[in-house]
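Structural overview for review
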Amino acid sequence: MNIDNSAYPYLQVVFLFSGFGSVISGLIAELIILVVFREASFAQIGFQPLIFVGLFGCLPAFITACILAFIRLKQSAKNATEITFLTGFLVSAFYVAFIVLYLGIGSLLEVGVLLGFMLIGGVFGGTSSIVAGYLTLPKLTKSCFDNSARKAQDIDKDSAYSKHR
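Residues numbered from 1 in each chain as written. Predicted model: local features only at pLDDT ≥ 70, side-chain atom pairs only at ≥ 80, totals over all residues. Heavy atoms only, no water.

What follows concerns the overall build of the protein chain. For the protein chain, the helix and strand inventory stands at 7 helices and 0 strands. Ordering the α and β elements of the protein chain from the N terminus gives α-α-α-α-α-α-α. Taking all 165 residues of the protein chain together, 33% fall into the buried category. In the protein chain, the proportion of contacts linking residues at least 24 apart, taken out of those at least 6 apart, comes to 77%. Total accessible area on the protein chain is roughly 11100 Å²; 71% of this is exposed by carbon and sulfur atoms. (Helix = DSSP H or I, 4+ residues; strand = E, 2+ residues; numbered from the N terminus. Buried < 20%, exposed > 50% of the residue type's maximum accessible area, 1.4 Å probe, protein only. Contact = heavy atoms within 4.5 Å. Areas by Shrake-Rupley, 256 points an atom, 1.4 Å probe, with all protein chains shown as cover.)

This is the structure we're talking about:
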(Lines give C-alpha, C1' and ligand atoms only; values in the text may rest on other atoms or scores of the structure.)
Protein backbone atom coordinates (compact mmCIF):
# COMPACT_ATOMS: atom_id res chain seq x y z
CA MET A 1 0.00 0.00 0.00
CA ASN A 2 3.05 2.20 0.24
CA ILE A 3 4.76 3.41 -2.91
CA ASP A 4 8.15 4.03 -1.29
CA ASN A 5 8.88 0.89 0.76
CA SER A 6 12.18 2.10 2.21
CA ALA A 7 10.69 5.13 3.96
CA TYR A 8 8.06 3.40 6.10
CA PRO A 9 8.65 4.06 9.84
CA TYR A 10 8.16 0.52 11.18
CA LEU A 11 9.47 1.07 14.73
CA GLN A 12 7.66 4.37 15.12
CA VAL A 13 4.36 2.80 14.10
CA VAL A 14 4.80 -0.26 16.32
CA PHE A 15 5.87 1.54 19.49
CA LEU A 16 3.61 4.59 19.20
CA PHE A 17 0.58 2.54 18.15
CA SER A 18 1.15 0.10 21.01
CA GLY A 19 1.44 2.90 23.55
CA PHE A 20 -1.41 5.02 22.26
CA GLY A 21 -3.62 1.98 21.65
CA SER A 22 -3.40 0.75 25.22
CA VAL A 23 -3.83 4.22 26.74
CA ILE A 24 -6.78 5.00 24.47
CA SER A 25 -8.49 1.72 25.36
CA GLY A 26 -8.03 2.60 29.04
CA LEU A 27 -9.55 6.04 28.47
CA ILE A 28 -12.50 4.54 26.58
CA ALA A 29 -13.09 2.11 29.47
CA GLU A 30 -12.91 5.00 31.93
CA LEU A 31 -15.47 6.99 29.90
CA ILE A 32 -17.81 3.99 29.66
CA ILE A 33 -17.64 3.52 33.43
CA LEU A 34 -18.36 7.23 33.96
CA VAL A 35 -21.39 6.99 31.65
CA VAL A 36 -22.73 3.83 33.32
CA PHE A 37 -22.22 5.15 36.85
CA ARG A 38 -23.44 8.71 36.32
CA GLU A 39 -23.35 9.66 39.99
CA ALA A 40 -19.66 8.81 40.27
CA SER A 41 -16.91 11.25 39.42
CA PHE A 42 -13.52 10.57 37.91
CA ALA A 43 -11.94 11.03 41.36
CA GLN A 44 -14.27 8.39 42.87
CA ILE A 45 -13.58 5.79 40.18
CA GLY A 46 -9.88 6.56 40.07
CA PHE A 47 -7.24 5.40 37.69
CA GLN A 48 -7.73 1.65 38.22
CA PRO A 49 -9.77 1.04 35.03
CA LEU A 50 -7.37 3.18 33.06
CA ILE A 51 -4.35 1.26 34.31
CA PHE A 52 -5.97 -2.20 34.23
CA VAL A 53 -7.42 -1.90 30.73
CA GLY A 54 -4.28 -0.14 29.50
CA LEU A 55 -2.09 -2.99 30.72
CA PHE A 56 -4.59 -5.59 29.52
CA GLY A 57 -4.63 -3.96 26.08
CA CYS A 58 -0.85 -3.76 25.61
CA LEU A 59 -0.46 -7.14 23.91
CA PRO A 60 -3.34 -6.82 21.42
CA ALA A 61 -2.26 -3.25 20.61
CA PHE A 62 1.28 -4.48 19.98
CA ILE A 63 0.09 -7.34 17.75
CA THR A 64 -2.22 -4.99 15.82
CA ALA A 65 0.63 -2.50 15.39
CA CYS A 66 2.94 -5.23 14.07
CA ILE A 67 0.31 -6.33 11.53
CA LEU A 68 -0.36 -2.77 10.36
CA ALA A 69 3.36 -2.07 10.05
CA PHE A 70 3.90 -5.34 8.18
CA ILE A 71 1.33 -4.38 5.54
CA ARG A 72 2.77 -0.83 5.50
CA LEU A 73 -0.60 0.79 6.06
CA LYS A 74 -0.73 4.55 5.71
CA GLN A 75 -3.46 6.68 7.20
CA SER A 76 -4.68 8.20 3.95
CA ALA A 77 -4.58 4.94 1.99
CA LYS A 78 -7.80 3.59 0.52
CA ASN A 79 -9.87 1.77 3.21
CA ALA A 80 -7.26 2.49 5.92
CA THR A 81 -9.91 3.04 8.59
CA GLU A 82 -11.69 -0.21 7.75
CA ILE A 83 -8.44 -2.19 7.70
CA THR A 84 -7.38 -0.67 11.03
CA PHE A 85 -10.75 -1.42 12.65
CA LEU A 86 -10.91 -4.97 11.27
CA THR A 87 -7.36 -5.75 12.40
CA GLY A 88 -7.97 -4.34 15.89
CA PHE A 89 -11.33 -6.12 16.10
CA LEU A 90 -9.95 -9.53 15.15
CA VAL A 91 -6.83 -9.33 17.31
CA SER A 92 -8.81 -8.15 20.35
CA ALA A 93 -11.58 -10.70 19.87
CA PHE A 94 -9.14 -13.60 19.61
CA TYR A 95 -7.15 -12.23 22.57
CA VAL A 96 -10.30 -12.20 24.71
CA ALA A 97 -11.24 -15.66 23.42
CA PHE A 98 -7.82 -17.01 24.33
CA ILE A 99 -8.08 -15.65 27.86
CA VAL A 100 -11.63 -16.99 28.35
CA LEU A 101 -10.68 -20.39 26.88
CA TYR A 102 -7.63 -20.49 29.14
CA LEU A 103 -9.93 -20.04 32.12
CA GLY A 104 -12.00 -22.98 30.88
CA ILE A 105 -15.46 -23.53 29.39
CA GLY A 106 -17.72 -26.08 31.01
CA SER A 107 -21.11 -25.60 29.36
CA LEU A 108 -22.88 -24.42 26.23
CA LEU A 109 -24.03 -21.28 28.05
CA GLU A 110 -20.40 -20.31 28.55
CA VAL A 111 -19.83 -20.53 24.79
CA GLY A 112 -22.46 -17.80 24.38
CA VAL A 113 -20.71 -15.77 27.04
CA LEU A 114 -17.43 -16.31 25.16
CA LEU A 115 -18.96 -15.00 21.92
CA GLY A 116 -20.39 -12.00 23.77
CA PHE A 117 -17.03 -11.19 25.32
CA MET A 118 -15.37 -11.62 21.93
CA LEU A 119 -17.81 -9.19 20.34
CA ILE A 120 -17.42 -6.59 23.09
CA GLY A 121 -13.63 -6.96 23.17
CA GLY A 122 -13.45 -6.78 19.38
CA VAL A 123 -15.49 -3.59 19.12
CA PHE A 124 -13.51 -2.10 21.97
CA GLY A 125 -10.17 -3.00 20.33
CA GLY A 126 -11.31 -1.91 16.88
CA THR A 127 -12.44 1.47 18.15
CA SER A 128 -9.21 2.14 19.99
CA SER A 129 -7.29 0.97 16.90
CA ILE A 130 -9.00 3.57 14.75
CA VAL A 131 -8.11 6.37 17.16
CA ALA A 132 -4.54 5.12 17.58
CA GLY A 133 -4.25 4.77 13.81
CA TYR A 134 -5.22 8.39 13.28
CA LEU A 135 -2.55 9.41 15.79
CA THR A 136 0.30 7.17 14.71
CA LEU A 137 0.02 5.88 11.16
CA PRO A 138 2.06 7.88 8.65
CA LYS A 139 0.16 10.06 6.27
CA LEU A 140 0.46 9.67 2.53
CA THR A 141 1.72 13.08 1.53
CA LYS A 142 1.31 14.33 -1.98
CA SER A 143 2.78 17.61 -3.03
CA CYS A 144 0.71 20.07 -5.03
CA PHE A 145 3.67 20.16 -7.44
CA ASP A 146 3.43 16.41 -8.10
CA ASN A 147 2.41 16.06 -11.74
CA SER A 148 3.11 12.35 -12.09
CA ALA A 149 -0.55 11.45 -12.69
CA ARG A 150 -0.92 14.19 -15.27
CA LYS A 151 2.33 13.15 -16.96
CA ALA A 152 1.15 9.53 -17.15
CA GLN A 153 -2.08 10.67 -18.78
CA ASP A 154 -0.11 12.78 -21.29
CA ILE A 155 2.12 9.83 -22.15
CA ASP A 156 -0.95 7.62 -22.69
CA LYS A 157 -2.54 10.26 -24.91
CA ASP A 158 0.68 10.68 -26.90
CA SER A 159 1.06 6.94 -27.41
CA ALA A 160 -2.58 6.62 -28.47
CA TYR A 161 -2.15 9.59 -30.85
CA SER A 162 0.98 8.10 -32.40
CA LYS A 163 -0.79 4.75 -33.00
CA HIS A 164 -3.54 6.44 -35.00
CA ARG A 165 -1.14 8.29 -37.31
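Turning next to unusual backbone geometry. The phi angle at Arg72 is positive, at roughly 55 degrees, despite the residue not being glycine. Tracing the backbone shows Arg72 in the loop between helix H4 (58-70) and helix H5 (80-103). Residue classification places Arg72 among the partly exposed positions, given a relative accessible area of 27%.

Residues Leu16, Phe20, Val131 and Leu135 make up a contiguous nonpolar surface patch of roughly 320 Å² in combined accessible area. At the level of elements, helix H1 (10-36) and helix H6 (108-136) are the ones that each hand at least two residues to the nonpolar patch. With respect to the helices, strands and loops of the structure, Val131 is situated in helix H6. The partly exposed category is assigned to Val131, whose relative accessible area is 35%. (Patch = residues over 30% accessible without salt bridge, like charges linked within 9 Å, V, L, I, M, F, W, Y side chains within 5 Å. Salt bridge = Lys/Arg side-chain N within 4 Å of Asp/Glu carboxyl O.)

Further remarks concern H4. Taking 1.5 Å per residue as the helical rise, H4 with its 13 residues ought to reach 18 Å, and the 18 Å between its terminal C-alpha atoms agrees with that figure. For H4, the complete set of buried residues consists of Pro60, Ala61, Thr64, Ala65, Leu68 and Ala69. Projected down its long axis, H4 shows its buried positions confined to an angular sector of 165 degrees, all on one face. Trailing H4 by a residue or two, Arg72 shows a phi angle of about 55 degrees, which is positive. (Expected span 1.5 Å × (residues − 1). Arc of directions from axis to C-beta.)

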